[in-house]
Amino acid sequence: MTTPAIDLMGTLRSGNSTAPRLTWYGPDSERVELSGRVLDNWVAKTSNLLQDELDAEPGMRLRLALPAHWKAMVWALAGWQLGLETVLDGGPADFLATDNPAAAMGQHDAVIAVALPALAMRWTGELPAGWIDYASEVRSHGDVFMPHSDPDPAGCALRTNEGRTVPHRELLTGFAMHHEEGARVHIPADRGLESALSSALGAWQRDGSVVLTHPDVALTDKLRADERIHGS
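Here's a quick rundown of the structure.

## Side note on the sheet that holds strand E10 (residues 184–188)
Item 1. Ordered by their spatial adjacency, four strands build an open sheet running E2-E1-E11-E10, and the pairing between neighbours is mixed. Each having just a single partner strand, strand E2 (31–35) and E10 make up the two edges of the open sheet. Strand after strand, the sheet turns through a mean of 15° between neighbouring axes, direction not considered.
Item 2. Sheet topology places strand E1 (residues 20–25) next to strand E11 (residues 209–213); four bridges connect them, and they run parallel. Across the sheet, residue tyrosine 25 finds its bridge partner in E11, namely threonine 213.

Shown next, in the form of structure tokens:
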């Protein structure tokens, strides 16, 4: 059984799969560009980490305690591809992905420390026993995701910051923001992860792409021109 998220990943890795789909501008002149194929590769590896290493199954809950960042988008897509419920409101969850493990609270089956720098090969510093270092673990997982169980399209895909629930079958119709066909959309990270996900899903489902910028990165005329940002 398929869901809109699974169909979306299939679209991103096929057709014009080498075209940029997600471009990130971070601190210290960091720039990361993911084509549809590369984005799918990261998502597949993350889904496989969840399924094969953490025994994640459809219907389980994944809390993202992450800022609007390209790795946070990978995590959200991986969870939806697997059929998980993504929690953005700080509520209880089976798994926690966070860039600040020291602030982790509550009970989780697994806590995954997500180092945000693009070139990070491991988490800097010590992690409690049993916690997962995403940067050092994810690369060992497969590039193709084969689910062990079909997700339920009627199951919850997203619990928003306000506590609203969105089922998997309505992720692209009831949550994704509307954009023009083929738009190259700018997303300021300071609007938060929920807004970034909504905008990105809306762009991708219309064969578009996104440029996500850290709050410290100004959207200058040069950046807009260099990235060919257009549409809405």
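What follows continues from the structure just given.
## Brief notes about the environment of glycine 10
Item 1. Here glycine 10 shows up in helix H1 (residues 4–12).
Item 2. Spatially, the C-alpha atom of glycine 10 lies 20 Å from that of methionine 177, the residues being 167 residues apart in sequence.

## Quick notes on the sheet that holds strand E8 (residues 156–159)
Item 1. The seven strands lie next to each other as E7-E6-E5-E3-E4-E8-E9, forming an open sheet whose pairing is mixed. Since the sheet does not close on itself, it has two edges, and those belong to strand E7 (132–133) and strand E9 (165–167), each with one partner.
Item 2. Sheet analysis places strand E6 (residues 110–113) next to E7, joined by two bridges and oriented parallel. Following the sheet pairing, isoleucine 112 is matched in E7 by isoleucine 132.

## Side note on the packing of H1 against helix H3 (residues 70–82)
Geometry of a packed helix pair, given as the angle between the helix axes and the separation of the axes.
Item 1. The interhelical angle for the contact between H1 and H3, taken along N-to-C directions, is 120°, at an axis separation of 7 Å. Overall, the two elements H1 and H3 adopt an arrangement that is oblique. Crossing hand, H1 versus H3: left-handed. For the pair H1 and H3, contact is made by Ala5, Ile6, Leu8 and Met9 and by Leu77, Trp80 and Gln81, respectively.
Item 2. Across the contact of H1 with H3, the residue classes break down as six nonpolar, one polar and no charged.

## As for unusual backbone geometry
Item 1. Notably, serine 29 is not glycine yet its phi reads approximately 65°, a positive angle.
Item 2. As for its placement among the helices and strands, serine 29 is situated in the loop between E1 and E2.
Item 3. Assessed through its relative accessible area of 75%, serine 29 is described here as exposed.

## Points about the packing of aromatic side chains
Item 1. For the structure shown, the criterion picks out two aromatic pairs.
Item 2. Judged by centre distance (5.0 Å) and plane angle (85°), the ring pair of tryptophan 42 and tryptophan 70 falls under edge-to-face. With tryptophan 42 in helix H2 (residues 36–54) and tryptophan 70 in helix H3, this residue pair connects regions lying 28 residues apart in the sequence. The residues tryptophan 42 and tryptophan 70 share a single accessibility class, namely buried.
Item 3. Aromatic side chains tryptophan 75 and tyrosine 134 sit 5.1 Å apart centroid to centroid with 50° between the ring planes, which places their arrangement in the tilted category. In this pair, tryptophan 75 is assigned in helix H3 and tyrosine 134 in helix H4 (residues 134–137), connecting sequence segments 59 residues apart.

## Notes on the pattern of salt bridges
Item 1. Taken as a whole and assessed by the stated rule, the structure comprises 10 salt bridges.
Item 2. Residue lysine 45 pairs with aspartate 143 through a salt bridge whose shortest N-O separation is 2.8 Å. Highlighted residues: lysine 45 in helix H2 and aspartate 143 in the loop between H4 and E8, separated in sequence by 98 residues.
Item 3. Since its relative accessible area comes to 40%, aspartate 143 is described here as partly exposed.
Item 4. Close ionic contact of glutamate 85 with arginine 61 constitutes a salt bridge, the shortest N to O distance being 3.1 Å. Note that glutamate 85 is positioned in strand E4 (residues 85–87) and arginine 61 in strand E3 (residues 61–65), a separation of 24 residues in sequence.
Item 5. A residue is classified by how much of its surface remains accessible, and glutamate 85, at 7% relative accessible area, is buried.

Definitions and limits used
Residues numbered from 1 in each chain as written. Predicted model: local features only at pLDDT ≥ 70, side-chain atom pairs only at ≥ 80, totals over all residues. Heavy atoms only, no water. Pairing = 2+ DSSP bridges. Helix = DSSP H or I, 4+ residues; strand = E, 2+ residues; numbered from the N terminus. Axes fitted to C-alpha atoms, helices over the stretch in contact; angles between N-to-C directions. Parallel < 35°, antiparallel > 145°, perpendicular 65-115°, else oblique. Left-handed = near helix turned anticlockwise from the far one by under 90°. Contact = heavy atoms within 4.5 Å. Nonpolar A, V, L, I, M, F, W, Y, C, P; charged D, E, K, R; others polar. Buried < 20%, exposed > 50% of the residue type's maximum accessible area, 1.4 Å probe, protein only. Phe/Tyr/Trp six-rings, centres within 6.5 Å; stacked < 30°, edge-to-face > 60°. Salt bridge = Lys/Arg side-chain N within 4 Å of Asp/Glu carboxyl O.

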